Structure formats: structure tokens, C-alpha cells
Amino acid sequence: MPDYQQHEHDVLVIGAGGAGLRAAIEASAAGVSVGLVCKSLLGKAHTVMAEGGIAAALANVDDRDNWKVHFADTMRGGQYVNNWRMAELHAREAPDRVRELEAWGAMFDRTTDGRILQRNFGGHRYPRLAHVGDRTGLEMIRTLQDHGIHQGIDVHMECTIVTLLKDGDRVVGAFGYERERGRFKLFRARAVVLATGGVGRAYKITSNSWEYTGDGHTLAYDAGADLMDMEFVQFHPTGMIWPPSVCGILVTEGVRGEGGVLRNSQGRRFMFDDIPENYRAQTADNEDEGWRYTQGDKSARRPPELLTRDHVSRCIVREIKEGRGSPHGGVFLDISWIKARLPNAAEVIRKKLPSMYHQFKQLADIDITREPMEVGPTTHYIMGGVRVNADTQMSTVPGLFAAGECAAGINGANRLGGNSLSDLLVFGKRAGEFAAQFAKSEKAGTNGDIDVQQIDAAAQRALEPFERGPQGEAPYQVQYALQEMMQNLVGIVRNEPEMTRALECLARLRERAARAGVGGNREYNPGWHAALDLHNLLTVSEAIARSAIDRRESRGGHFRDDCPEKDAACASFNIITRKGRDGSMEVDRVSIPPMPEELKKVIEEMK
Ligand SMILES: Cc1cc2nc3c(=O)[nH]c(=O)nc-3n(C[C@H](O)[C@H](O)[C@H](O)COP(=O)(O)OP(=O)(O)OC[C@H]3O[C@@H](n4cnc5c(N)ncnc54)[C@H](O)[C@@H]3O)c2cc1C
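All figures in this text were calculated on a predicted structure; none of them were measured in a lab.

Asker: Now, about the environment of Gly428: what can you tell me, with residues and values included?
Answerer: Its location among the elements puts Gly428 in helix H11 (residues 419-440). Each C-alpha atom of the pair Gly428 and Met107 lies 21 Å from the other, and the pair is 321 residues apart in sequence. Dropping the residues within four chain positions of it, Gly428 is found in contact with Ala19, Arg22, Ala23, Ala403 and Asp423.

Have a look at this one:
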């Protein structure tokens, strides 16, 4: 019997980013006791990194905007495999959630007449992103944290949950360890909300923080819940690739917006070589026109560097794969070339792109006013996650809810920028509301029985890396091998033979992970934490690979060079992965329910 502290809450929220905080606030407001667990310190969740803004059809800057346009934009962006009910709720409710955030103290940028300012973003027809400079996520977290802290929520910081506990079908709690002291903790709960974010650390190059190891996805999967849409991973075209310590950090699209161009090792602007037919009429066919567009000439068409993120990412990968990459395995992004056009180019670059200037100067010793940057696509977001009911956010396991990036549905095959922060608010609130309702209801009954055997087994599994000791496999080596493999075989451009190889590699990596060992003791031991993360990373990687093999077409973030076209027949289903009875991963397809006529009409009207 392991030694552990015990806590009891009506609703336990795992994750303190935007989704988790919003869920905790709502559950607490419903009068139930709430516990909030997070791996890092409160206020440090990944959401703080969000920059551009929160998408909500407030119509403050363009009064043609409304929920219908936002709904249609989201469905088009997701290439029509979204959960249309979630997309509808999101578009309808996001404005209220943003106004509520404002009422709780968020200091949004303002229009001249004092309303919340909104900016343009890819895929949104009108200026729609409520923002606070380029630190919107920080302001969101600050506001939710300030508000939540006064609601009597119990926060358990620097604590990692390793398993959910069940009584029969239903979830009745969670078990984890304190990162600092290594002690175990048991949480009894009548309902659990997962708000654990994404999976980016399964890839070598990612803009995601260390927290993104697919924990919530795996906790749900192990508890018997369905995962959905795991093949849809979003790759942003420009992340830093050198030095290794900063690999994946985002390089804003603004660099290309100000005239930055992409070149291969032969100095060629390769984006001109591959302009998709449906964008040809809107895209410049020569360098001069592209340059004029970036300088505000309304008669000019956009340069091909500003085509959609998925397309630019794929072109970059093609250059690298065909041997025309930069020395560190990316391509060149050059803004310094504008000195040929502007006498005061260096000054302009420093003024318009101050953070990029500092980012490269300080982290890579590159002066972007004089030399090109090396960039490559970076894993940015996962559209897939826990399959939930659109209205309540409950998963297929009673009492288990999910919201935010770890839940699936709203984004379909591709997320529009800004739609994540609004998703956190809309569905975080709903998850908290319905988890509280579940906790109070007869369905939750009395507090479920905690099965001591489940706890013993979880504790034993967690301690196995110490039993194997430092002579076991080094956990970081297994993690690096996994990241390298996922990047190469299940990355931006995929095909069946490579993904089948990925599954073989995953089986071998699982064997290595089972041999992973660590030395030292349980007090702040990152090697131990990395060893425990491996199970999560391997599970989400397998779900991504299996789903991607099953989707025999290209759609949104999922591109296969062996099936490069979109297949209309594949628009009718979502792909599910779940744990089979024998413990292996099952892949299933579920039909997308027919869209109600009034929503179909909205899409038609907005075409
Ligand atoms: C650089 C960057 C910029 C972005 N900019 C924007 C933008 O402008 N607009 C936009 O809409 N989106 C943006 N995104 C995406 C957006 O930031 C994320 O999708 C969103 O913040 C996810 O929020 P979340 O609440 O789901 O999870 P998070 O904010 O990541 O929170 C996850 C929480 O779960 C906890 N957790 C995880 N696992 C466990 C565990 N096992 N036990 C206990 N706790 C756990 C973590 O500690 C953390 O508290 C950006 C992303 C990046 C990387």
C-alpha cells in the first residue's frame, strides 16, 4: 500500500490553462467543491504563450460580422469534418465569453471609441480577434486566475496526474505525484474535467511547451474514452531550428507579411514553383508584385510565402527532403534582402519586428537585418483529442469531461488562429457547468469506491524506473528517438509505407520505454518525470499514426503524398481510436450526423 496524501472534491479539474481555469470557475459558481491540479505553477500554463488573440464575432471593427459568419469560417477552415454543433455553440457564445472576461478585468486593446479592438487573422472573413497586444494569453490567464482565486478553488500546483481511478464504468478520482517532493497524491472526485492541452512534444520540432506530452489524451484513453481526429495535427511553417535549445520557437507570420521571403540552399524562391490552382488568381506571379503587396499596394496580389500554413509547410518539407535545405535542416527566411528596396531597411526591420530581431539576436546570434534566418515547420496544435458531447463536454466515460486543446470536435481538420482561446472560454465554461451538474446528480451517487488495487498498481508502475535504476534505458534517449521518428515518418507529408514503419518503430520504442530507468530519488527528478511521460507520448503517437493511416486522403493538417486529393466520401466520418479489450489500440470510424437545414443554409449564404 503506497503512502499518499488524500484530497476530496466534487469536481476535479486537471489542467490550469484557459480551459481548466474557466471550467473551475464555472463549477465553483455552481456551488460544488472544486480542486484544480496542474503540472507547473499556477499562471504558467501553455495558454500564457498565446499571442494573436481570441476569435469572437463582436463586430466592433466591422459590423458585417456575426456568429453565422464565424460559424461558416470555422467549418470551411475545418474542411467540414468539424462537430457542427460545437462550431455553432462556439460561434454563438464566444462574444459573451469575451465580454465576461472584460468584466472580470481583462485589459483589451481598444478602438478609438473605447470598444474591444479586433484584428485580422487567417481564415476569418472580418477582423475578429480580441487581443491585448501580442500577449493575449497572458492577460487571459491573469484575469481567470485573479477571478478564480476568489472562488474558493483548491489549487494543487506542480502535481502530475498519472492515472484516473474508476468505479465500474464511472470515473471517481485521480492519482498522481508532486513534482517537487515526489510524494503521491490521491484525489477523490464525483466528476473530473480534463484540460491538459496538447501533444506537441511527441515531435522533434514544436512551438509547444514542455507540458505538452499528451497526458489528458492518454488518461482518457486508458480510462476507456474515445479519442477522435488524431490524424489532424497543425504544423506552422516557420519555427526556429537552430540552435537546438530553441528549436521550434515560433517565428511570426509577420516576417513574411513585411516582405520576408523563403529561399532554398540554391537561393531560389521556391514558393513560386508551387501555387495551388485555387489560389493562383489571388497570388503574385512575380517577385516585384509580391513586394508591392507587402508595402500596401492594393492592386498587387499576395506573395506565395503568404499562402495557407499547411501549404507553405509542405513546400518547405519538399525542399528539405529533396536536398535543398539549409545547413541545420530547414530553409532560409530572409527579411534582410529588403535593403535592396529600402534605404533604411535595418531601421524598418527593427521597428516592425522588434521581438523577432531580439529573439534571433539573443537566442541564435543572428542579426536579421543583415542575414537570413533558418526556419522549418513546427508542430503547433492538435485538432484531435477526447471525443465529447458537444453541449456538455462529457466524454464517452461517465463523469469524465474534457475541454480546450485536449478535446476534439470544434476544429475539424484544421484550426483557425484565434479559435483556440475562444474554444477554451466557451467549452471550459460548459465543461465546468455540466461537471458540477453531474457531481450533484444521482448519476454520481455517493462518492464512488476507490479501488486500492488500482492505486497500488499505479504507484508500482510509477516507481518502476527507480527499480531499473540508471543502468536502464535513458528516458530522454527514448523520447528523442520518438520525436525524431514522428517528425520524419508521421510529419507534415505522410504516406502509408512510412507510417507503417512508424508503427513498427513505436512497438520497439515501447520496449525501450519499458526498460527506461533512472537514478537518484523522488525529489525533483526530471529524469523520472520524463520516464513517466513516455507512456503518454507513445500512446498519442500511435493514435496519430493509426488514424493517419486510416484516412486515405489529404485534408487540412493531414497531407498524404500517396493520396494527395481530398475525397468527398471521407467528409462523412471522423476517425476514432480507443483501447480494445486486449489492450491494443482499435481504430473505428463514426459517421458525422447530418447538419440541420438552418446551419446548411448559413454555410450556403456565407460562401
Ligand atoms: C506560441 C503560441 C502562440 C499561440 N497563439 C494563439 C493565439 O493567439 N490564439 C489562439 O486562439 N491560440 C493560440 N495558440 C494555441 C493556444 O495557446 C492553445 O491551444 C491553448 O492555450 C491551450 O489551452 P488549454 O487550456 O487547453 O491548455 P494549457 O493552457 O496548455 O493548459 C494545460 C494545463 O494542463 C496541465 N497538465 C497537463 N498535463 C497534466 C497532468 N498530467 N497532470 C496535471 N496537470 C496537467 C498543465 O500543467 C497546464 O496547467 C498558440 C499556441 C502557441 C504555442
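Further notes follow.
Asker: Describe the layout of surface pockets, naming the residues involved and giving the relevant values.
Answerer: Reported here for the second largest pocket is a volume of approximately 610 Å³. Along the walls of the second largest pocket sit 27 residues, with Arg461, Ala531, Leu532, Leu534 and His535 positioned nearest its centre. Those elements giving two or more residues to the lining of the second largest pocket turn out to be strand S7 (159-167), helix H5 (215-222), helix H12 (452-468), helix H14 (496-514) and helix H15 (526-550). Residue contributions to the lining of the second largest pocket peak at seven residues, all from H15.

Asker: How would you sum up the sheet that holds strand S5 (residues 129-130)? Please name residues and give values.
Answerer: In spatial order, the strands read S3-S5-S4; together these three strands make up an open sheet with antiparallel pairing. Of all strands in the sheet, those with a lone pairing partner are strand S3 (54-55) and strand S4 (118-119), marking the two edges. Across two bridges, S4 lies against S5 in antiparallel orientation. Residue pairing in the sheet places Gln118 in a bridge with Ala130 of S5.

Asker: So what's going on with the packing of helix H2 (residues 67-77) against helix H3 (residues 84-103)? Residues and values would help.
Answerer: Where H2 contacts H3, the axes come no closer than 8 Å and their chain directions differ by 140°. Looking at the two axes, H2 sits oblique to H3. Once H2 is placed against H3, the crossing between them reads as right-handed. Facing H2, whose interface residues are Trp67, His70, Phe71, Thr74 and Met75, H3 presents Trp84, Ala87, Glu88, His90, Ala91 and Arg92. Among the residues forming the contact of H2 with H3, the class breakdown is six nonpolar, three polar and two charged.

Asker: For the pattern of salt bridges, give the residues involved together with the corresponding values.
Answerer: A full pass over the atoms with the stated rule returns 57 salt bridges. Note that Arg22 is salt-bridged to Glu100, the shortest N-O span being 2.9 Å. Separated by 78 residues along the polypeptide, Arg22 in helix H1 (residues 18-29) and Glu100 in helix H3 bring together distant segments of the chain. Comparing Arg22 with Glu100, the two get one shared label, buried. A salt bridge links Glu178 to Lys185, with the shortest nitrogen-to-oxygen separation between them at 3.9 Å. Neither residue differs from the other here; Glu178 and Lys185 are each classed as buried.

Asker: Tell me what's going on with the site of the ligand, and back it up with residues and numbers.
Answerer: If you check the shell around the ligand, you find 40 residues, and the closest are Thr47, Gly52, Glu211, Tyr212 and Glu405. A distance of 2.9 Å separates an oxygen atom of the ligand from a polar backbone atom of Ala16. The separation between an oxygen atom of the ligand and a polar main-chain atom of Lys39 is 2.9 Å. Elements with a contribution of two residues or more to the shell around the ligand: H1, S7, strand S14 (373-382) and H11. In terms of residues, the shell around the ligand owes the most to one element, H11, which gives four residues.

Asker: Hey, could you go over the environment of Arg181 for me, with residue numbers and the actual values?
Answerer: Structurally, the position occupied by Arg181 is in the loop between strand S8 (170-178) and strand S9 (184-194). Residues Arg181 and Arg522, 341 residues apart in the sequence, show an inter-C-alpha distance of 6.4 Å. Apart from the residues lying within four places of it in its own chain, the contact partners of Arg181 are Arg522 and Glu523.

Cut-offs and rules
Think of each chain on its own: its residues are numbered from 1, step by step along the sequence as written. At least 70 in pLDDT is required for a residue's local features to be given in this predicted model, at least 80 for side-chain atom pairs to be given and counted, and no such filter applies to totals for whole chains, interfaces and linings, which use all residues. The side-chain values count all of the structure's non-hydrogen atoms but skip hydrogen atoms and water molecules. Each helix is a run of DSSP H or I of at least 4 residues and each strand a run of E of at least 2, with the numbering of both proceeding from the N terminus. Should any heavy atoms of two residues lie within 4.5 Å, those residues are counted as being in contact. Residues are said to line a cavity or pocket when one of their atoms sits within 4 Å of a point; the points come from a 1 Å grid over protein atoms alone, cavities being sets where a 1.4 Å probe fits but cannot get out and pockets being open sets with protein on both sides within 12 Å along at least five of seven lines. Grid points are joined across faces, edges and corners, and a volume is the space filled by probe spheres set on the points. Two strands qualify as a pair provided that DSSP identifies no fewer than 2 bridges between them. The convention used is that axes are lines fitted to C-alpha atoms, helices contributing only their stretch in contact, and that angles between N-to-C directions extend from 0 to 180 degrees. Oblique is the label for any angle not under 35 degrees, not over 145, and not in the 65 to 115 range, which are roughly parallel, roughly antiparallel and roughly perpendicular in turn. Left-handed describes a crossing in which the near helix is turned anticlockwise from the far one by less than a right angle; the clockwise case is right-handed. In this classification, the charged set is Asp, Glu, Lys and Arg, the nonpolar set is Ala, Val, Leu, Ile, Met, Phe, Trp, Tyr, Cys and Pro, and all remaining amino acids, among them Gly, are polar. Only one rule defines a salt bridge in this text: a Lys or Arg side-chain nitrogen within 4 Å of an Asp or Glu carboxyl oxygen. Exposure classes here rest on a 1.4 Å probe applied to the protein chains alone. A residue is buried below 20% of its type maximum, exposed above 50%, and partly exposed in between. The rule for a residue being near a molecule or strand is that one of its heavy atoms must lie within 4 Å of it. Polar contacts here mean pairs of N or O atoms no more than 3.5 Å apart (in protein, one a potential hydrogen donor and the other a potential acceptor; neighbouring residues in sequence count only if both atoms are side-chain atoms).

Everything listed here is a matter of coordinates, which is why it stays silent on function.
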